[in-house]
Amino acid sequence: MPEPAANTVEYSVSEISAAVKRTVEDAFGYVRVRGEISGYRGQHSSGHAYFTLKDDKSRIEAVVWRTSFGKLRFKPEEGLEVIATGKLTTFPGSSKYQIVIDSLEPAGAGALMVILEERRKKLAAEGLFEEARKKALPYLPRVIGVVTSPTGAVIRDILHRLADRFPVHVLVWPVRVQGETAGAEIAAAIEGFNGIAAGGTIPRPDLLIVARGGGSLEDLWCFNDEVIIRAVAASAIPLISAVGHETDTTLIDYVADRRAPTPTGAAEMAVPVRSELVGAVGTLANRLAGAMLRKVERDRRELRALSRALPQAENLFAVPRRTLDETANRLGRALVANTQIHRSLYMRAAARLSPGNLTRQMERCAERVKTLSDKSGRAIERRIERRQERLVALDQLLRSLSYKNVLARGYAVVRDESKTPISAAAAVAAGMVLDIQFRDGDVAAVATSGEAVAKPKKVRDKAGPQGTLF
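Throughout what follows, the structure given in this document is the object of discussion. Keep in mind that this is a model prediction, so the values were computed, not measured. (Residues numbered from 1 in each chain as written. Predicted model: local features only at pLDDT ≥ 70, side-chain atom pairs only at ≥ 80, totals over all residues. Heavy atoms only, no water.)

Of regular secondary structure, the chain possesses twelve helices and 13 strands. On C-alpha atoms alone, the chain measures out to a radius of gyration of 63 Å, which is more than a quarter above the 23 Å that the 2.2 N^0.38 rule sets for 470 residues. Taken over the C-alpha atoms alone, the chain extends approximately 180 × 120 × 40 Å along its principal axes. When burial is assessed residue by residue, the chain has 28% of its 470 residues classed as buried. Sequence-distant contacts, at least 24 apart, represent 62% of the contacts inside the chain between residues at least 6 apart. (Helix = DSSP H or I, 4+ residues; strand = E, 2+ residues; numbered from the N terminus. Rg over C-alpha atoms; globule rule 2.2 N^0.38 Å. Buried < 20%, exposed > 50% of the residue type's maximum accessible area, 1.4 Å probe, protein only. Contact = heavy atoms within 4.5 Å.)

With that settled, the discussion passes to the nonpolar core. If you look at the biggest cluster of nonpolar residues, it comprises 56 residues, and the most contacted ones within it are Leu53, Ile186 and Ile252. The dominant element in this core, judged by the number of residues it contributes, is helix 5 (residues 182–194), at six residues. Every residue in contact with Leu53, bar those within four places of it in the chain, is listed here: Val33, Gly35, Glu36, Ile37, Ser58, Arg59, Ile60, Ala62, Val82, Ala84 and Ile99. Of all hydrophobic cores here, the second largest spans 17 residues; its members include Ile144, Leu162, Leu207 and Ile209. (Core = buried A, V, L, I, M, F, W, Y, C linked by side-chain atoms within 4.5 Å.)

Turning to the layout of surface pockets, a few remarks are in order. It is the rolling of a water-molecule-sized probe over the atoms that shows where space remains empty. Estimates place the volume of the second largest pocket at around 400 Å³. Taken together, 19 residues make up the lining of the second largest pocket; nearest its centre are Arg73, Phe74, Lys75, Trp221 and Asp225. In the lining of the second largest pocket, the residues fall into seven nonpolar, four polar and eight charged. (1 Å grid on protein atoms, 1.4 Å probe; cavity = no way out; pocket = protein on both sides within 12 Å on 5 of 7 lines; lining within 4 Å. Points joined across faces, edges and corners; volume = space filled by probe spheres on them. Nonpolar A, V, L, I, M, F, W, Y, C, P; charged D, E, K, R; others polar.)

Another point: a positive patch on the surface. Side chains of Lys375, Arg378, Arg382, Arg383, Arg386, Arg387 and Arg390 sit close together on the surface and give a patch of like positive charge. Inspection of the secondary structure puts Arg378 in helix 11 (residues 355–401). Looking at Arg378, the relative accessible area reads 43%, which means it is partly exposed. (Patch = residues over 30% accessible without salt bridge, like charges linked within 9 Å, V, L, I, M, F, W, Y side chains within 5 Å. Areas by Shrake-Rupley, 256 points an atom, 1.4 Å probe, with all protein chains shown as cover. Salt bridge = Lys/Arg side-chain N within 4 Å of Asp/Glu carboxyl O. Lys, Arg positive; Asp, Glu negative; His and termini not counted. Charge placed at Lys NZ, Arg CZ, Asp CG, Glu CD.)

Now for unusual backbone geometry. Notably, Lys419 is not glycine yet its phi reads approximately 70°, a positive angle. Inspection of the secondary structure assignment puts Lys419 in the loop between strand 11 (413–415) and strand 12 (433–438).

On to the packing of aromatic side chains. What the rule picks out here adds up to three aromatic pairs. Judged by centre distance (5.9 Å) and plane angle (85°), the ring pair of Tyr40 and Phe51 falls under edge-to-face. Within this pair, whereas Tyr40 is found in the loop between strand 1 (30–38) and strand 2 (49–54), its partner Phe51 is found in strand 2, the two being separated by eleven residues in sequence. Assigned by exposure class, Tyr40 and Phe51 land together as buried. One residue, Arg120, lies across the ring of Tyr254, its end atom 6.0 Å from the ring centre. (Phe/Tyr/Trp six-rings, centres within 6.5 Å; stacked < 30°, edge-to-face > 60°. Lys NZ or Arg CZ within 6 Å of the ring centre and 35° of its normal.)

Turning to the sheet that holds strand 8 (residues 207–212), a few remarks are in order. Spatially, 7-6-8-9-10 is the arrangement adopted by the five strands of the open sheet, whose pairing is parallel. Looking at which strands have only one partner, the edges of the open sheet turn out to be strand 7 (169–174) and strand 10 (258–259). Here two bridges tie strand 9 (residues 239–243) to strand 10, and the two strands are oriented parallel to one another. The residue of strand 10 that forms the bridge with Ser241 is Arg259. (Pairing = 2+ DSSP bridges.)

The subject of this paragraph is helix 4 (residues 153–165). For helix 4, spanning 13 residues, the distance from its first C-alpha to its last is 18 Å, which sits close to the expected 18 Å at 1.5 Å a residue. Taken together, the buried positions of helix 4 are Val154, Ile155, Ile158, Leu162 and Arg165. Down the axis of helix 4, the sector holding all buried residues measures 110°, keeping them to one side. Relative to its buried face, helix 4 has exposed residues pointing more than 90 degrees away, namely Arg156 and His160. Summarising the contacts, the buried residues of helix 4 are in contact with strand 6 (143–148), strand 7, strand 8, helix 8 (263–270) and helix 9 (274–309). (Expected span 1.5 Å × (residues − 1). Arc of directions from axis to C-beta.)

Turning next to the pattern of salt bridges. Where charged atoms from two side chains of opposite charge approach closely, those side chains can pair. Tallied over the full model, the rule gives 19 salt bridges. When the shortest N-O distance is used, the salt bridge between Glu131 and Lys134 registers 3.4 Å. For Glu131, a relative accessible area of 60% gives the class exposed. Asp257 is the salt-bridge partner of Lys135, the closest N and O atoms lying 3.7 Å from each other. Taken together, the positions of Lys135 in the loop between helix 3 (109–125) and strand 6 and Asp257 in the loop between helix 7 (251–255) and strand 10 put the pair 122 residues apart, joining distant regions of the chain. Residue classification places Lys135 among the partly exposed positions, given a relative accessible area of 24%.

Looking now at the sheet that holds strand 13 (residues 441–446). Taken together, three strands build an open sheet; the order of strands is 11-12-13 and the sheet is antiparallel. Each end of this open sheet is capped by a strand with a single partner; those strands are strand 11 and strand 13. Neighbour-to-neighbour, the strand axes of the sheet open up by a mean angle of 25°, direction not taken into account. Direction of pairing for strand 12 relative to strand 13: antiparallel, over a ladder of six bridges. When the sheet's bridge partners are listed, Ile436 is paired in strand 13 with Val443. (Axes fitted to C-alpha atoms, helices over the stretch in contact; angles between N-to-C directions.)

On any regular strand, side chains alternate: one points to one face of the sheet, the next to the other face. One ladder, built from six bridges, connects strand 6 with strand 7; its direction is parallel. Each bridged residue has a counterpart across the sheet, and for Thr148 the counterpart in strand 7 is Pro174. Crossover connection from strand 6 via helix 4 to parallel strand 7: handedness right-handed. (Right-handed = clockwise from strand over helix to strand, strands pointing away.)

So this is what it looks like as structure tokens:
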């Protein structure tokens, strides 16, 4: 094996790595690399993004630093074919080379269409494009909110068309309609218009228009942003999408309540033509006036026809007038006859009202009253006698049932201090004060024992009547 030349330069590993790094960076500088993103898992906790670019034969490591990631127009997606612009460099720690990406874009319109279709299917599956959830546009809005760039021709076209058709109050929310921040600005404008309170200093729009002029798919890409689609879906105010030309289609067109082919077309959808509206109102007013005149004339003809069918006034009142005349003729005679009848009745009544008749009638009434009074007195006396007899019987019964009759036969009633009768020996305690009632009076006593004793036998007192011992 040949020995190495004595004059060969000796390098350390770090020196070799540094030399390779300078060579790669000086030789390539900024490059554009086309490949498919592989191994992308989102941003690292540090904010950097790491993945691989590959084709059918080779792979190259790629990194997007945190400071560059937020500026990317298109974010990395797994499997997406992209064109990455950046600088080649090496990573000495593992003897690898990589591309540090500064910008990223899909590889042609075809890639964007794939992303667009996948996003459309995803949002459609959530029901955001359903016709049932779309709101009807107001026929004549008083205030229209426009979300667009304040400097382009779009806002001038909308204002000009609104002024021509039907001037209304227009509120413009200026936003970017292209670029990295356009999606967030447009979504914030839609939410801001919805956040205006009704009746406040700033009038709340009755209708919103989101507008932008024509452009390429890349120019209109921000209107495919999910944040805009969800803001439109959540809007309580009806919204017209007027993005691009008639042939341009973005996802906002699917979710909007109406889609206009152009911004000018959106203004035409928003309001009717004032002159046409005035003419239509005038035409309707003329038709109404003509209809009213025709109705009045028709009613007049019908009234005339009905009046001819009615009988004449003389004929209507002929019979009642004759009846009235005949009744008037009979009235005088009837009044005279009625007066005579009442005079006869009065004379007969007056004859019955002589003083003698009145005296006899009063005497008959007095006799009747006396007869009734006598009958009533006798009936009361008989009733009182019956009540007295019953009272005597009840008194005799009460006396026979009274306990005093029992006392008269030699018995006594024992009571305690509260005058409550005592009916059993067990209720008496030693030292209890007792009240004993006899036939001829009460005697106070004190119990000497609380125990019952044997019942004594009856004895006959030689000198006195039969009695009871306690």
